[in-house]
Amino acid sequence: MATHSGLDLGPDRDLDALPLRERKKIQTGIRIFRAAIGLFAERGFDQVSVAEIAAAAEVSKMTVFNYFPTKEDLVMGPMEQHLDEPARAVRDRAPGTSAVAALREHFLAALERRDPATGLNDDQVVLDVVRLIHQTPALAIRATAAFDRRAQSLLAAELAAQDPAHDELTAQVAAAQLLAVRLTLIGDNHRRMLAGERAADALPAALAEARHAFALVEQGLGDYCAGAA
């Protein structure tokens with residue numbers, strides 16, 4: 001998954017390999033995005049107008065809306081392109097691979113390449129986006145809705161489709177558990193990065209925690225916290 005300054009280019013795409021027209025279009029989107037995040041980080045999401053973003057990016061206000069239909073999309077749009085990743089990891093897994101194993105390996109590989117979607121990325125623009133979401137109620141609500149509802153719905157649908165019994169309840173429970181693991185790990189990585197840790201230094205602990213967390217789902221919690229007999 002190639003990414004440039006927080007804007008996702010989709011699976012197996014390289015900016016330099018694209019036709020000139022498409023490359024310029026993507027570069028304009030990146031310029032708008034970076035201008036917006038810079039202004040938001042400096043002054044706050046609610047204190048910056050779309051007109052100011054357009055001026056900073058040297059484009060028209062209409063061009064901004066052509067790329068990002070709403071002001072919230074300037075922050076959330078690139079992140080929300082990852083919502084179907086868990087479902088795709090299940091859909092594209094090798095024969096005989098469990099859903100848990102597929103999602104675990106997908107997340108571990110993303111950690112290794114410091115994918116912003118894992119939270120383990122110390123690029124300043126990425127950190128600015130994370131801070132904005134934490135500090136802006138409207139963005140925090142949208143992030144919660146996106147990952148708690150949309151991503152879970154997509155994953156549950158894929159799990160049910162892959163299950164020979166098409167057991168929707170089990171698919172929904174499994175999707176909720178698996179996404180809870182991802183969100184917990186991402187949240188921990190965000191805290192590390194916002195506290196000033198370097199992604200490279202935090203990687204070993206992040207990998208170990210990810211393996212442990214997915215093992216809990218794979219093996220079940222059993223008598224966890226049962227207390228003394």
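Look a little higher up for the structure.
Quick summary incoming for the structure in this document. (Residues numbered from 1 in each chain as written. Predicted model: local features only at pLDDT ≥ 70, side-chain atom pairs only at ≥ 80, totals over all residues. Heavy atoms only, no water.)

As for helix α9 (residues 168-194)
Helix length check: α9 (27 residues) gives 38 Å between terminal C-alpha atoms against 39 Å at 1.5 Å per residue, within 8%. The backbone nitrogen of L169 lies 3.2 Å from a side-chain oxygen of the residue at the head of α9, namely D167. One or two steps after α9, the chain reaches G196, where phi turns positive at roughly 100 degrees. (Helix = DSSP H or I, 4+ residues; strand = E, 2+ residues; numbered from the N terminus. Expected span 1.5 Å × (residues − 1). Polar contact = N/O pair within 3.5 Å; in protein donor to acceptor, adjacent residues only side chain to side chain.)

Things to note about the packing of aromatic side chains
This model, assessed by the stated rule, comprises two aromatic pairs. The cationic tip of K71 hangs over the ring face of F45; the distance from NZ or CZ to the ring centre is 4.7 Å. (Phe/Tyr/Trp six-rings, centres within 6.5 Å; stacked < 30°, edge-to-face > 60°. Lys NZ or Arg CZ within 6 Å of the ring centre and 35° of its normal.)

Topic: unusual backbone geometry
Phi is positive for E58, close to 60 degrees, though the residue is something other than glycine. If you trace the backbone, E58 turns up in the loop between α2 (50-57) and α3 (61-67). Positioned with a positive phi, C225 is a non-glycine residue whose angle comes to about 65 degrees. Among the structural elements, C225 can be located in the segment after α10 (199-219). Under the relative-accessibility criterion, C225 is labelled exposed at 66%. (Buried < 20%, exposed > 50% of the residue type's maximum accessible area, 1.4 Å probe, protein only.)

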